[in-house]
Structure formats: C-alpha cells, structure tokens
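Structure at a glance
Each chain is listed here by its residues.
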Amino acid sequence: MALHADIIVPAFSDGIDDVQIINWLKSEGDEVKFGDPIVELEVNKAAVELESPADGILDGIFCWEGEEVIEGERIAVISIESDGNEEFDFSDSEKYNI
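Values in this document were obtained by computation on a predicted structure and should not be read as measured data.

1. Focus: the overall build of the chain
What the chain contains, in helices and strands, is one helix and eight strands. Secondary structure of the chain in N-to-C order comes out as β-β-β-β-β-β-β-β-α. Of all 98 residues assigned to the chain, the portion counted as buried reaches 30%.

As structure tokens, then:
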C-alpha cells in the first residue's frame, strides 16, 4: 500500500499574491527525507524554500520553474512506501499533510 504526502503552497500572509516557483531542488524519482529542501519559491522578491513533509520518493511535480502558484495549490506529491504490514502512526499525520 502506498500513501502520499502533498507539497502544498503555504499561506505566507495577507496581501501576498505573487508566488512563483524559482527552482526545483529535487527531481521526480528522487528520494527525499522529512525536512529536505525540495523547491524554492519567490515570495515578494524573496526566496523561500519549501521542505519535504515526509520521507519517500518525489513521485510527481505538477508546476514548473517560472510558473506562478497560489496558496493551497498542490505542486508536487511524495509517495510514502508501505508494505501493508505496518500501521501508519496518525500522531504524525500533520507532518504528512493528510
């Protein structure tokens, strides 16, 4: 069974409308660990890194460098592998954005 963790554009503050993807620091298929920088965003002319919300494989990128994105937009997904014999620890559910 595979679980997924979404990489979502966070809310930065009121009045911020311009958020653009500057650079993907990881590629599809790369292994990522919780807290690894994954993507750089430009927010009001400042670079901000988004970190991985989970350990797993960067399974899909949905928005590309140079694209403008909005708060709450799903820009990528991480596949979290499970062999089906282990129970997911829901105390970590906030970490995995589920």
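2. Comments concerning the side chain of Ser-52
Turning to its location among the elements, Ser-52 is positioned in the loop between strand E5 (46-51) and strand E6 (56-61). Reaching out from Ser-52, the side chain makes a polar contact with the backbone oxygen of Ala-54 at a distance of 2.5 Å. What Ser-52 contacts, discounting residues up to four positions off in sequence, is Val-32, Lys-33, Phe-34, Gly-35, Asp-36, Ile-38 and Ile-78.

3. Re the pattern of salt bridges
Taken as a whole and judged by the stated rule, the model has two salt bridges. Across the pair Asp-6 and Arg-74 runs a salt bridge whose closest N-O atoms are separated by 2.8 Å. Placement of Asp-6 in strand E1 (residues 2-8) and of Arg-74 in strand E8 (residues 74-81) is noted, with a sequence separation of 68 residues between them. Two residues, Glu-31 and Lys-33, come together in a salt bridge whose shortest N-O distance is 3.3 Å. A relative accessible area of 52% means that Glu-31 is categorised as exposed.

4. Things to note about the pairing of strand E4 (residues 37-43)
When strand E2 (residues 19-24) meets E4, the two strands line up antiparallel, connected through five bridges. Within E4, the residue paired with Ile-21 across the bridge is Leu-41. As paired strands, E4 and E5 are joined by six bridges and run antiparallel to one another. Counted as the bridge partner of Val-39 is Leu-50 from E5. Hairpin connection from E4 to E5: two residues lie between these consecutive antiparallel strands, with Asn-44 at a positive phi of about 50 degrees.

5. Quick word on the nonpolar core
Ile-7, Ile-21, Trp-24, Val-39 and Ile-75 are the most contacted members of the largest nonpolar core, which has 21 residues in total. Looking at this core, the elements that each hand over two or more residues are E1, E2, E4, E6 and E8. Dropping the residues within four chain positions of it, Ile-7 is found in contact with Ile-38, Leu-50, Pro-53, Leu-58, Glu-73, Arg-74, Ile-75, Ala-76 and Ile-78.

Reading the values: the criteria
Residues numbered from 1 in each chain as written. Predicted model: local features only at pLDDT ≥ 70, side-chain atom pairs only at ≥ 80, totals over all residues. Heavy atoms only, no water. Helix = DSSP H or I, 4+ residues; strand = E, 2+ residues; numbered from the N terminus. Buried < 20%, exposed > 50% of the residue type's maximum accessible area, 1.4 Å probe, protein only. Polar contact = N/O pair within 3.5 Å; in protein donor to acceptor, adjacent residues only side chain to side chain. Contact = heavy atoms within 4.5 Å. Salt bridge = Lys/Arg side-chain N within 4 Å of Asp/Glu carboxyl O. Pairing = 2+ DSSP bridges. Core = buried A, V, L, I, M, F, W, Y, C linked by side-chain atoms within 4.5 Å.

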